Amino acid sequence: MKWADKFSDAPMNSEEQKLLNGIETGRFAEGGRGRNGYSDHYVLCLIKRGYRWMPDAE
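The rules behind each value
- Residues numbered from 1 in each chain as written.
- Predicted model: local features only at pLDDT ≥ 70, side-chain atom pairs only at ≥ 80, totals over all residues.
- Heavy atoms only, no water.
- Helix = DSSP H or I, 4+ residues; strand = E, 2+ residues; numbered from the N terminus.
- Buried < 20%, exposed > 50% of the residue type's maximum accessible area, 1.4 Å probe, protein only.
- Contact = heavy atoms within 4.5 Å.
- Areas by Shrake-Rupley, 256 points an atom, 1.4 Å probe, with all protein chains shown as cover.
- Salt bridge = Lys/Arg side-chain N within 4 Å of Asp/Glu carboxyl O.
- Polar contact = N/O pair within 3.5 Å; in protein donor to acceptor, adjacent residues only side chain to side chain.

> Would you mind going over the overall build of the chain in detail, with residue names and values included?
In terms of regular secondary structure, the chain is built from four helices and zero strands. Counting every position in the chain, which comprises 58 residues, the buried fraction comes to 26%. Across the chain, the fraction of contacts at a sequence separation of at least 24, relative to all contacts at a separation of at least 6, is 48%. Carbon and sulfur atoms form 49% of the exposed surface of the chain, whose accessible area is close to 4,500 Å².

So this is what it looks like as structure tokens:
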């Protein structure tokens, strides 16, 4: 989480934006909907390590 906190205000490059396309990361670390920099960077770290984001069950 320290990595995500350190880079939460950093802009994402185009590759990172593609990785997060359609993912609502806000719920992951902050408990809300949508996206925020802190959650975005934390989820990016996990994706880059090989984790896969499962879509919300509807």
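Still to come is the rest of the account.
> Give a description of the pattern of salt bridges that names residues and reports values.
Under the defined criterion, the tally for this structure stands at one salt bridge. Its salt-bridge partner being Glu16, residue Lys48 comes within 3.0 Å of it at the nearest N-O pair. With Lys48 in helix α4 (residues 37-48) and Glu16 in helix α2 (residues 14-19), this pair connects stretches of sequence that are 32 residues apart. On the accessibility criterion, Lys48 (48% relative accessible area) is partly exposed. For Glu16, a relative accessible area of 10% translates into the label buried.

> Help me get a handle on the side chain of Ser39, residues and values and all.
In this structure, Ser39 sits in helix α4. Judged by relative accessible area, Ser39 falls into the buried class, the value being 0%. Within the structure, Ser39 has its side chain in polar contact with the backbone oxygen of Thr25 (distance 3.3 Å).

Bear in mind that shape data such as this cannot, by itself, settle questions of function.
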